[in-house]
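# Coordinates in review
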Amino acid sequence: MYADNQMRRNTIRDITKLKGARPVVSLTAYTAPMAASLDPHVDFLLVGDSLAMVLYGMESTIGVSLNTMIEHTKAVMRGSQKAMVILDMPFGSFEQSKEQAFKNASRVLRETGCAAVKLEGGAVMAETIRFLVDRNIPVMAHIGLRPQAVHVMGGYRTQGKNEQERTEILNDAFAIQEAGAFSVVLEGVAGSLAAEITEKLDIITIGIGASVDCDGQILVVEDMLGYFPGNAKFVKRYAEVGETIDSAVKQYSDDVKAKIFPALEHTYGLKPKS
Ligand code: KIV
């Protein structure tokens, strides 16, 4: 089916068999050029609903629509060749009923060509996850700090710091595994709890602010590139892209004002008369 020189995309099988072999590498991506830059280095790309804040300047992830997520996922699919691509189901697109979740998640797979969906929620979402998986929709779950639940959680705070929270999150982890999720994002979870979940589950755990003991890691790419304000403890900034852009644009502005740009080499000449 595949020509020899055609790159094959990673599959869920490729990713899940990394458990215990080597850490899974992933990042968020929302656009085709960014996806192309990340593609050679990651196992999967998540089109996260964090794009609401990072790209659209919203205050939380709650305001983004399914249509927007679909268009960005199409762009990421066009920009990448090798990475598996996952779409993050936005708030309101899956919680109402398992039928609603299937209607929207099947649309996602059909229209974007991506391999799986991610959805926030643990035990409460187990029935929905089972319904989707039984109908051929691979699901990555997302437990611990759930940004779509920011209002009920009372802010973005680390989860699993007391016994009651630990027990709830552990129960969530077992429930979503039992329901058939192939992987789970552990966000903002105390390191010792992430380690315990990772050891006890057979499925891949992907950590964000959840310690090195997860089976893999994810970050919002703009956070690690220094292109989004914030100084969360769990983010390592590998670049300062914001500063690079600032100095380049300042230089451009100075050049335009001083009539240094455009120079002759940037100017089309008149066609010589024949
Ligand atoms: O929306 C997102 O970017 C996410 C990751 C942080 C896991 O859910």
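Residues numbered from 1 in each chain as written. Predicted model: local features only at pLDDT ≥ 70, side-chain atom pairs only at ≥ 80, totals over all residues. Heavy atoms only, no water.

### Points about the site of the ligand
- Around the ligand lies a shell formed by Thr 28, Leu 46, Gly 48, Asp 49, Ser 50, Asp 88, Lys 118, His 142, Val 185, Ile 208, Ile 218 and Val 220.
- Within the side chain of Asp 49, a nitrogen or oxygen atom sits 2.9 Å from an oxygen atom of the ligand.
- Within the side chain of Asp 88, an N or O atom sits 3.1 Å from an oxygen atom of the ligand.
- Contact with the protein chains removes 96% of the 260 Å² of surface that the ligand exposes when unbound. (Near = heavy atom within 4 Å. Polar contact = N/O pair within 3.5 Å; in protein donor to acceptor, adjacent residues only side chain to side chain. Areas by Shrake-Rupley, 256 points an atom, 1.4 Å probe, with all protein chains shown as cover.)

### What about helix H4 (residues 66-79)?
- The first and last C-alpha atoms of H4 sit 20 Å apart over 14 residues, in line with the 20 Å expected at 1.5 Å per residue.
- Those residues of H4 lying buried are Leu 66, Met 69, Ile 70, His 72, Thr 73, Ala 75, Val 76, Met 77 and Gly 79.
- Of the surrounding elements, those touching the buried residues of H4 are helix H2 (32-38), strand S2 (44-47), helix H3 (51-54), strand S3 (84-88) and helix H5 (98-112). (Helix = DSSP H or I, 4+ residues; strand = E, 2+ residues; numbered from the N terminus. Expected span 1.5 Å × (residues − 1). Buried < 20%, exposed > 50% of the residue type's maximum accessible area, 1.4 Å probe, protein only. Contact = heavy atoms within 4.5 Å.)

### Let's talk about the side chain of Asp 43
- Mapped onto the secondary structure, Asp 43 falls in the loop between H2 and S2.
- A distance of 2.8 Å separates polar atoms of two side chains, one belonging to Asp 43 and the other to Arg 22.
- With residues near it in sequence (within four places) discarded, Asp 43 still touches Asn 10, Ile 15, Leu 18, Arg 22, Pro 23, Val 24, Val 25, Ala 83 and Met 84.

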